[in-house]
Amino acid sequence: MAQQGYIFALDIGTRKVMGILARQDGKGWQIVAAERMEHPTRSMYDGQIHYVAEVAEVVSQVKGKIESRAGVKLTHASVAAAGRALRTFRGRALRENDAMVEMTASDVMALELQAVQDAQHRLLEEMKKQGEEAIEAEYHYVGHTVLTSELDGKPIAYLAGHLARTAYIEVIATFLPREVVDSLLSVLERSDLEVHSLTLEPIAAISVVVPPTMRHLNLALVDIGAGTSDIAMTSKGAVVAYDMVPVAGDEITEQISHKYLLDFSVAEAVKRSLAKSETVKITDILGHKQALPRTEVIDWLAPHVEEFAHRLANRILDLNGGPPVAVVLVGGGSQTPLLPGFLAKALSLPGNRVAVRGREAISGFTGGGPILQGPDSVTGIGIAATASDSAALGFVYVTVGSKRVRLFHPSRQLTAGDALLTAGVSLEELRGQVGKGLTVTVNGQLRLIRGTIGRPAQIMVNGEPAQLDTGIRPRDKIAVVPGVRGEPGRATLGEILEGIEPFEVTVNGDVRRVEPKVFLNRRAVSDFSVQLADNDSVEVRASASLAEWLPEWGYTGGSAGDSAGDSAGDSAHPSFIFSLNGLKARIHAPPYEYLVNGKPVELTCRIGPGDSVEIAPKKLSLADALASVQPAAFLPAAGSVRVKCNDRIVVFETRPRITVNERDADLNCLLDPWDEVAVSSEGSDPTVADLLLKIGFSPSPPAGKRSLVIEVNGRPAAFTDVLADGDRIRIDWA
């Protein structure tokens, strides 16, 4: 009888091969036949097939026994890859639209597949970090689960049909190394079997022990086999993480083997007997026989089991970010003595929150007999259950361009998007790529000039236009007509400045119409037709400083008294010029006085629309002018002259003579530009006549005397003789 209508599930494990033949009826699944055989040699390590021929021989025997018992010719098998080979990575994708755009189912699929490609890139980066050769083709994408979807930053269950500016999706994607799949295919081929479906061992186990109705709980499922312990985490209705710890039941068997000098297969039998017998009988490799109390062996094993539990707990904590609410243990290795208690302690959970589950935890299956009673039967039953849903994968070959692609084929309809993803086509580039935007800064604000929308790529299936969600069949030919990127964003300076108008100000009674000041990358510009470049900085000053406006109004900011534009002017250092003793003197000072709206201001004052500006030549006090030109260098200094007259000390205060435009002036005199200032000592030194006036000498001689005698330092002197400091003067009548 043909296999049609039956599912043949093979659980090919490190220690044993379990075969289950089942079919669905109106009440659920009926297990027609089951068979279990152990590998006679260690042909598998840590869940990986090492000796294909030896594993294929055991599979063939299991297959033959089930065929004989059920009277069914088996041609296809459903299998599971070990969790040790599984690589899971999170991927993210963000779509930004220029406006509110309705998300179609095809858009959502494209975004999901783009997130899967992000996960693939993360896988390659991780391989590089670990020193592996990062070849994408070495890993098969086998499926993904959407963890989060957001619409304009807010969580939403499904994006299709909604209007959005931004759409975000995060997925967890699973990948398998090619050698794992190839070794399974080789074993089945040698056993005259074709692959009906492929799943992953942790997915198979969790599908029957933790159904979707329980996945809102934060649970950990640990499938402990002989070589590996596979971990799956659930939360918020989804399986959110998978991982593996490379220790399992064989680790404990090895410890027993070394302790008691036992062959590995004998040590395995001793380990299993710990759950059944109070006394353990052994014969070591030297022929010595012993009968050991079960408690003695368990006490000796306790530290090793505790170490095993800690390794499991640490990985669960890393995956979950903390303890889950409960842990479900399945697989033959879950029966290791003391393990549930040690694991609960390591996770800080109550003892009843870690439990071993077997066939009794699975609903919807009948039959199978004693072969399918223990926790080691869970994965095999899970493989049968997943063979007919989307957790299982078959194989389909299609052509993408000139490349032949093998797809894992779930029971759902494969799509063109699946094929393009597997072929390594960038899903992001399928969209009509928007031309590169032009980014400029205007008065400190970032402005984006978007490029035009490009023409999207066209997908063809067997020469017919298709979409990402178009279904495909084996041997279909898929092609992609490349899209065209849109034109980059472009703008002139004038286009950026649209809406900026000139304004009017009043300067010394005249109305002036002025343009705002524009600076491109800090340089003043007047040609607004210039094409902007990416990252340009534009500054518009509608109210520039007075210093910036003066040149446009005919005031260069140069020397007072110069005509506008005189080369003698220095706008960077404005100056006031006058004549001092026939020489040109320049003082660095504002040449003008400025009033804005009637109030005195400095050159830094900002001038805006409607302002009234008055500009008048600046007047400078003579004292400030002389102080600024450092008169000590060439002007007579003020001082005093002390003389002794007839034993009386007389002091004269001396000051230079100052004239402005040949008129005597004092230091408070206000100068205009180009005034002629003269400062000299002429007439400032005291004379004999000054001395006579200062001491109040009477010109009338006393009685009997007629001649005035004047001597300076013992020599006769006249009224006009100049006196010097320290002179001795005698004045008398003779």
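These numbers come from a predicted model, not from an experiment. (Residues numbered from 1 in each chain as written. Predicted model: local features only at pLDDT ≥ 70, side-chain atom pairs only at ≥ 80, totals over all residues. Heavy atoms only, no water.)

Student: How should I be thinking about the sheet that holds strand S38 (residues 639-645) in this particular structure?
Tutor: Neighbouring strands of a sheet are bound in pairs by backbone hydrogen bonds; such pairs are parallel or else antiparallel. One open sheet holds the five strands; their spatial order is S39-S38-S46-S44-S45, and the pairing between them is mixed. The open sheet has two edge strands, strand S39 (648-654) and strand S45 (715-716), and neither has a second partner. Where strand S44 (residues 708-712) meets strand S46 (residues 728-733), five bridges bridge the pair, whose relative direction is antiparallel. Residue pairing in the sheet places valine 712 in a bridge with isoleucine 729 of S46. Of the strands in this sheet, S38, S39, S44 and S46 are in contact with helix H14 (residues 688-695), which crosses S39 at around 115°. (Pairing = 2+ DSSP bridges. Helix = DSSP H or I, 4+ residues; strand = E, 2+ residues; numbered from the N terminus. Contact = heavy atoms within 4.5 Å. Axes fitted to C-alpha atoms, helices over the stretch in contact; angles between N-to-C directions.)

Student: Would you mind going over the pattern of salt bridges with me for this structure?
Tutor: For side chains of opposite charge, pairing can occur when their charged atoms come near one another. Under the definition given, this model contains 15 salt bridges. Between lysine 16 and aspartate 11 there is a salt bridge, with the nearest N and O atoms lying 3.3 Å from each other. One network of salt bridges, in which partners are shared, links Arg15, Glu38, Glu268, Lys271 and Arg272. (Salt bridge = Lys/Arg side-chain N within 4 Å of Asp/Glu carboxyl O.)

Student: Just checking my understanding: could you explain the side chain of aspartate 675 for this structure?
Tutor: Relative to the helices and strands, aspartate 675 resides in the loop between strand S42 (670-671) and strand S43 (676-680). Those residues in contact with aspartate 675 that lie beyond four places of it in its chain are Phe578, Ser579, Val660, Asn661 and Leu670.

Student: I would appreciate a short explanation of the confidence of the model for the chain in the present structure.
Tutor: When pLDDT is low, close inspection of the predicted coordinates is not appropriate. Per-residue confidence for the chain gives a mean pLDDT of 82, with 89% of residues at or over 70. In the model, residues 557-573 has pLDDT below 50 throughout and makes 31 contacts with residues more than four positions away in sequence or in other chains. (pLDDT = per-residue confidence, 0-100.)

Student: What should I look at first to understand the side chain of aspartate 107 in this one?
Tutor: Assignment of secondary structure puts aspartate 107 in helix H2 (residues 105-129). By relative accessible area, which is 18% here, aspartate 107 ends up buried. Aspartate 107 has contacts with Arg95 and Glu102, leaving out every residue within four places of it along the chain. (Buried < 20%, exposed > 50% of the residue type's maximum accessible area, 1.4 Å probe, protein only.)

Student: Looking at this structure, how should I read unusual backbone geometry?
Tutor: For residues that are not glycine, phi is negative in most cases, and the peptide bond is trans in most cases. In this model, arginine 475 sits at a positive phi of 70°, which is unusual for a non-glycine residue. Relative to the elements of secondary structure, arginine 475 occurs in the loop between strand S25 (464-466) and strand S26 (477-481).

Student: Teacher, can you tell me more about a nonpolar patch on the surface here?
Tutor: Taken together, the side chains of Leu261, Ile285 and Leu286 define a hydrophobic patch exposed on the protein surface, amounting to about 310 Å² of accessible area. Following the sequence through the fold, leucine 286 ends up in the loop between strand S15 (279-283) and strand S16 (289-293). The exposure class assigned to leucine 286 is exposed, which follows from its relative accessible area of 57%. (Patch = residues over 30% accessible without salt bridge, like charges linked within 9 Å, V, L, I, M, F, W, Y side chains within 5 Å. Areas by Shrake-Rupley, 256 points an atom, 1.4 Å probe, with all protein chains shown as cover.)

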